[in-house]
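Single-letter residue listing:
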Amino acid sequence: MKLNFLTRIRIISVCIFLFALILIGRLYVLQIVDNDVYLDKADRQYSSSSKGIFSRGSIFFRNKDNTLVSAATLKSGYTITINPQILKDPETVYQKLKQIFELDHEVFMAKALKKGDPYEEIAIKQSEDVGKKVESLKIAGLKPIKERWRFYPGGKTASNVVGLLGFKGNEYAGRYGLERQFDKNLERKDGAYVNFFAEVFSDIKKVTATDDSMEADIVTTIEPTVQSQLEDVLAKMMEKWNSESAGGIVMDPKTGEIYAMAVNPSFDPNRPEIEKNVAVFSNNLVESRYEMGSIIKAITVASGIDAGVITSKSTYYDKGFVMISGKKISNFDSKERGVVSMQDLLSQSLNVGAAYVESLLGNKRFSDYMYKFGVGEKTGIELPNEGRNLTDNLKSNVDVNLATASFGQGIALTPVSTIRALAVVANGGLLVKPHIVKGINYKMGMSKDIPVEPGIRVISENASSEVTRMMVHSMDKVLVNGTLSLPNYSVAVKTGTAQIAKEGGGGYIENGNLHSFIGYFPAYNPKFIILLYMIKPVGAKYGSETLPVPFTDMVKFLINYYEVPPDR
């Protein structure tokens, strides 16, 4: 059946309308979204044709009110260049330039006297003001070139999370942190001339889907004020105890959303060249494994209660030590205590008690529980080089290996894996996935929120609440003799101290321990879980001496900053 004239006109009109809509949309991208890119290209064409302009997507922090704060962006300025072949009277030029910006005489003259060389850079990353003043000199052979470079407004703030760019051979790309993890999304391939219609329609195919190679900006879960507070707390810990390093994480135990993640020492990504040890660029919270010590006892007790082999009121006889597989396991002081409760096990951090609970569970069931807490797998956090936990002792047939694992020795975990496991105790028994990225904003105008994955049930809500109650008692009555208790807030805590394994194996070092601390609040409906650790503090033997005050300072800050209502 033939279409009548009016129907044909309507179909043609609709096609023209759709074509115009697509054209207008793409023009919007070219003229508004990419406006700065093309302006810079035009400026570059005028000032220099020797280089392509640098462009890259942004990384953002997210304030508690959901406003975005730039963590990694671009900064504009000038590179000051000379052409030694045509530059006249270098000494006079130097005298004029040093009035504008700091310039080493010896370096300048060495470059200016290379008469066979047409191009030398004498200063980089100079301000707009400097560039315009140099340009106003109108000296033949002296030229400011408009540039853009990566800039990190927060400096050291969350630098081990954000990462930095660097060269690998001739390739300049993300090398650490989010810069590396999302390098394909952040990189911009801004070339020279592109056919107009090819440019208009080049990305139409992308509007229906998103993928890891599409140009985008990254929005993190990091709250910059919380991050700064955590970094201040770590700095004070390091200064007071003269420790080798320290780290901390603040996370929502129900969703795995990370508000702050910091290590000390860290670095300024705007000045990576000043760092003598490249290891400082790594994120030890994700990449390094440690024997975390007695904070793991909370997992052991929770497993025992969930399995029904103990209750919070169970007791055992503690003579200060126990022989297992011909090895002696002792409490921190080796003192006999007689009949003690599970509460004492946690509050006094008794190794013998943890080994007792493990023996009731049996090696296989204890090992199965530990793996259900996620220690046998990577967390999948959106950061590169996540370390794999060292948990071979959980597969061992040697009783003492399982006994030591019950109090956090003989197995090595990443801090991010540790806080994930202990969040199970905090949140009612579910294993959640830690995440550092809130969303991805694609250049074409679409965005993708990172979904919060439902947690996997590990222990019962009853086991979770019973251990939480025991940990609250530790905060209220035992930790620093109860002097840090917050009357209007329930806070659950566990301290830890661990020996540090020698590099390459073969026992433990003689001088220096790892101190750890885990806590969450409001304890029975927690909004925050905090992990702190410190390596080789000087002047204190136990984590119960060094970390309670920094932890409590962090708790008080979060209560005030987020206006957390009292729960008791």
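This text follows the structure it describes.
About the cut-offs
- Residues numbered from 1 in each chain as written.
- Predicted model: local features only at pLDDT ≥ 70, side-chain atom pairs only at ≥ 80, totals over all residues.
- Heavy atoms only, no water.
- Helix = DSSP H or I, 4+ residues; strand = E, 2+ residues; numbered from the N terminus.
- Buried < 20%, exposed > 50% of the residue type's maximum accessible area, 1.4 Å probe, protein only.
- Contact = heavy atoms within 4.5 Å.
- Areas by Shrake-Rupley, 256 points an atom, 1.4 Å probe, with all protein chains shown as cover.
- Phe/Tyr/Trp six-rings, centres within 6.5 Å; stacked < 30°, edge-to-face > 60°.
- Lys NZ or Arg CZ within 6 Å of the ring centre and 35° of its normal.
- Polar contact = N/O pair within 3.5 Å; in protein donor to acceptor, adjacent residues only side chain to side chain.
- Pairing = 2+ DSSP bridges.
- Core = buried A, V, L, I, M, F, W, Y, C linked by side-chain atoms within 4.5 Å.
- 1 Å grid on protein atoms, 1.4 Å probe; cavity = no way out; pocket = protein on both sides within 12 Å on 5 of 7 lines; lining within 4 Å.
- Points joined across faces, edges and corners; volume = space filled by probe spheres on them.
- Nonpolar A, V, L, I, M, F, W, Y, C, P; charged D, E, K, R; others polar.
- Axes fitted to C-alpha atoms, helices over the stretch in contact; angles between N-to-C directions.
- Parallel < 35°, antiparallel > 145°, perpendicular 65-115°, else oblique.

Before going further, it helps to examine the overall build of the chain. Per the secondary structure count, the chain includes 20 helices and 20 strands. Per-residue burial for the chain yields a buried fraction of 51% across its 568 residues. Taking contacts inside the chain between residues at least 6 apart in sequence as the whole, the part at least 24 apart equals 72%. On the chain, roughly 26,800 Å² of surface is accessible, and the fraction owed to carbon and sulfur atoms is 53%.

Each aromatic ring pair is characterised by the separation of its centres together with the angle its planes make. Taken as a whole and judged by the stated rule, the model has 15 aromatic pairs. Summarising the aromatic geometry, the rings of Y290 and Y533 are spaced 5.2 Å apart at their centres and angled 40° between planes, so their arrangement reads as tilted. Note that Y290 is positioned in the loop between α11 (284-287) and α12 (297-307) and Y533 in strand β20 (residues 528-535), a separation of 243 residues in sequence. Linked through ring pairs, Y259, F521, F528, F557, Y561 and Y562 together constitute an aromatic cluster. Between K64 and the ring centre of Y561, over which it is positioned, the NZ or CZ distance is 4.0 Å.

This paragraph deals with the side chain of S464. Of note, S464 is situated in helix α18 (residues 461-478). The exposure class assigned to S464 is buried, which follows from its relative accessible area of 3%. At 2.6 Å, the side chain of S464 forms a polar contact with the backbone oxygen of V425. With residues near it in sequence (within four places) discarded, S464 still touches V424, V425, A426, N427, G428, G429 and I459.

So, about the pairing of strand β15 (residues 437-442). Here five bridges tie strand β7 (residues 216-220) to β15, and the two strands are oriented antiparallel to one another. When the bridges of β15 are listed, D217 appears paired with N441. Direction of pairing for β15 relative to strand β16 (residues 447-449): antiparallel, over a ladder of three bridges. Pairing of G439 across the sheet is with D449, part of β16. From the end of β15 to the start of β16, which pair antiparallel, there are four residues, and G445 there has a positive phi angle of about 110°.

One recurring pattern in soluble globular proteins is that nonpolar side chains are buried together. Judged by nonpolar contacts, the single largest core of 88 residues is most densely connected at M261, F373, I436, M471 and I529. Considering every element that reaches this core, the biggest residue donor is helix α17 (residues 415-426), with eight residues. If near-sequence neighbours (up to four positions away) are discounted, F373 is found in contact with I299, S303, A421, V424, V425, L431, V458 and I459. Core analysis: the next-biggest nonpolar cluster, separate from the first, contains 35 residues, L234, M238, V250 and Y489 among them.

Turning to empty space enclosed by the protein, a few remarks are in order. For the coordinates displayed, the defined rule picks out three cavities of 30 Å³ or more. Taken as a whole, the largest cavity encloses approximately 60 Å³ of empty space. In terms of lining, the largest cavity is formed by N160, R175, Y176, G177, R180, F281, S282, N283, E287, L383, P384 and N385. Looking at side-chain class alone, the lining of the largest cavity contains four nonpolar, five polar and three charged residues.

Attention now moves to the layout of surface pockets. Space inside the largest pocket adds up to approximately 1,200 Å³. S294, F332, N351, T497 and Y542 are the residues nearest the centre of the largest pocket, which is lined by 46 residues in total. In terms of residue class, the lining of the largest pocket is built from 15 nonpolar, 24 polar and seven charged.

Contact geometry for α17 and α18: axes closest at 7 Å, N-to-C directions at 100°. By the angle between their directions, the pair α17 and α18 is classed as roughly perpendicular. For the pair α17 and α18, contact is made by V424, V425 and A426 and by S464, V467, T468 and M471, respectively. The class makeup of the residues in the contact of α17 with α18 is five nonpolar, two polar and no charged.

This paragraph deals with the environment of M475. Here M475 lies in helix α18. As for M475 and S490, which are separated by 15 residues in sequence, their C-alpha atoms are 8.5 Å apart. Ignoring anything within four residues of it in the chain, the contact list for M475 reads G482, L484, S485, V491, V493 and T552.

Turning next to the pairing of strand β1 (residues 59-62). In β1, alternate side chains face the same way, and those of I59 and F61 on one face and F60 and R62 on the other are all buried. Pairing of β1 with strand β2 (residues 68-82) involves four bridges; the strand directions are antiparallel. Bridging across to β2, F60 finds its partner in S70. Between β1 and β2, which follow one another and run antiparallel, lie five residues, and N66 among them has a positive phi close to 75°. Alignment of β1 against β7, held across two bridges, turns out to be parallel. Note on β7: the bridge partner recorded for F60 is V219.

The topology assignment puts T391 in the loop between α15 (363-372) and α16 (399-405). Overall, T391 belongs to the buried group, its relative accessible area being 6%.

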